[in-house]
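Letter by letter, the chains look like this.
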Amino acid sequence: MFCHGGALTIARFPFLYCRGFKLENKFSVSHSSRVRVSLSTRIKMSASEHADDRLQRISSSIRVIPNFPKPGIMFQDITTLLLDHKAFRDTIDILVERYKDKNITVVAGVEARGFIFGPPIALGIGAKFVPLRKPKKLPGEVISEEYSLEYGTDRMEMHVGAVQPGDRALVVDDLIATGGTLCAALKLLERVGAEVFECACIIELPELKGRDKLKGTPLFILVEAS
């Protein structure tokens, strides 16, 4: 997913975060493991969250890699969040606190980063975890849903029988940009008769209007970048 042009701000902390941000403005980028950008910043949290140190720890633990995977792209690298056990625990704790009493029976993780955050959330709330995978990755019988990319299309697959009619589902990914993958996930779950309670992402890029593709399905985020 690529973000094209415009300013990007995040979480009161002067770091640029995006899975892929095309540099069309003149930013001053350091060569340290953190990429600092001279932009105004702000934080947006769920009304149920209080401003404690957890969000700051999550935000500051994510680094940005310039010119990856190709020149002009700013790549959001969450592996550094995983190296910080406190920040990783904070991320999971906030999401478990939100969903533990919502009667969710299945957590569906979108490949690939949804596989990192989804399983510990599922364990924390007592739900099963179901991976939503790219084509030809699941060994059993699958159902699939096609979705659009910037160039061309892709497909998401789920094992037949993994989700049952009446299951109450939470969809998890690390970031929502254009919303194509989350939209495909919703369609897969709805096709088998599940009720999607909410989608949860660490970061939203609102200027790309990905949430508009969710057609009213609630979206919870920890950080809004704009």
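Whatever comes next refers back to the structure up there.
The structure reproduced in this document is the subject of the present report. (Residues numbered from 1 in each chain as written. Predicted model: local features only at pLDDT ≥ 70, side-chain atom pairs only at ≥ 80, totals over all residues. Heavy atoms only, no water.)

Attention shifts here to the packing of helix α1 (residues 53–60) against helix α3 (residues 85–99). If you want to describe how two helices pack, look at the angle between their axes and the distance between the axes. Where α1 contacts α3, the two axes come as close as 8 Å, and the packing angle between them is 125 degrees. Judged on the interaxial angle alone, α3 and α1 are oblique. Handedness of the crossing formed by α1 with α3: left-handed. Where α1 abuts α3, its residues Arg54, Leu55, Arg57 and Ile58 lie against Lys86, Ala87, Asp90, Thr91, Asp93, Ile94 and Glu97. Taken together, the residues of the contact of α1 with α3 break down into four nonpolar, one polar and six charged. (Axes fitted to C-alpha atoms, helices over the stretch in contact; angles between N-to-C directions. Helix = DSSP H or I, 4+ residues; strand = E, 2+ residues; numbered from the N terminus. Parallel < 35°, antiparallel > 145°, perpendicular 65-115°, else oblique. Left-handed = near helix turned anticlockwise from the far one by under 90°. Contact = heavy atoms within 4.5 Å. Nonpolar A, V, L, I, M, F, W, Y, C, P; charged D, E, K, R; others polar.)

The next thing to look at is the state of the cysteines. This model, assessed by the stated rule, comprises zero disulfides. Of the cysteine sulfurs around Cys183, a residue in no disulfide, the closest is that of Cys199, at 9.4 Å. Classification of Cys183 as buried rests on a relative accessible area of 14%. (Disulfide = S-S within 2.5 Å. Buried < 20%, exposed > 50% of the residue type's maximum accessible area, 1.4 Å probe, protein only.)

Once that is clear, we can look at α3. Taking 1.5 Å per residue, 15 residues should reach 21 Å; α3 reaches 21 Å between its end C-alpha atoms and fits that length. Inspection of α3 places Ala87, Asp90, Thr91, Ile92, Ile94, Leu95, Val96 and Tyr99 among the buried residues, and these make up the whole buried set. Buried residues along α3 sit in contact with α1, α2 (79–83), α4 (114–125), β9 (168–172), β11 (195–204) and β12 (219–224). (Expected span 1.5 Å × (residues − 1).)

Turning next to the pattern of salt bridges. Pairing between side chains of opposite charge can happen when the charged atoms of each approach one another. Counting across every chain of the model gives eleven salt bridges. Note that Glu145 is salt-bridged to Arg191, the shortest N-O span being 2.9 Å. Taken together, the positions of Glu145 in strand β7 (residues 142–148) and Arg191 in helix α5 (residues 180–191) put the pair 46 residues apart, joining distant regions of the chain. A salt bridge links Glu204 to Arg211, with the shortest nitrogen-to-oxygen separation between them at 2.8 Å. Note on Glu204: relative accessible area 2%, which makes it buried. (Salt bridge = Lys/Arg side-chain N within 4 Å of Asp/Glu carboxyl O.)

Owing to a relative accessible area of 15%, Glu145 belongs among the buried residues under this scheme. Reaching out from Glu145, the side chain makes a polar contact with the side chain of Arg191 at a distance of 2.9 Å. (Polar contact = N/O pair within 3.5 Å; in protein donor to acceptor, adjacent residues only side chain to side chain.)

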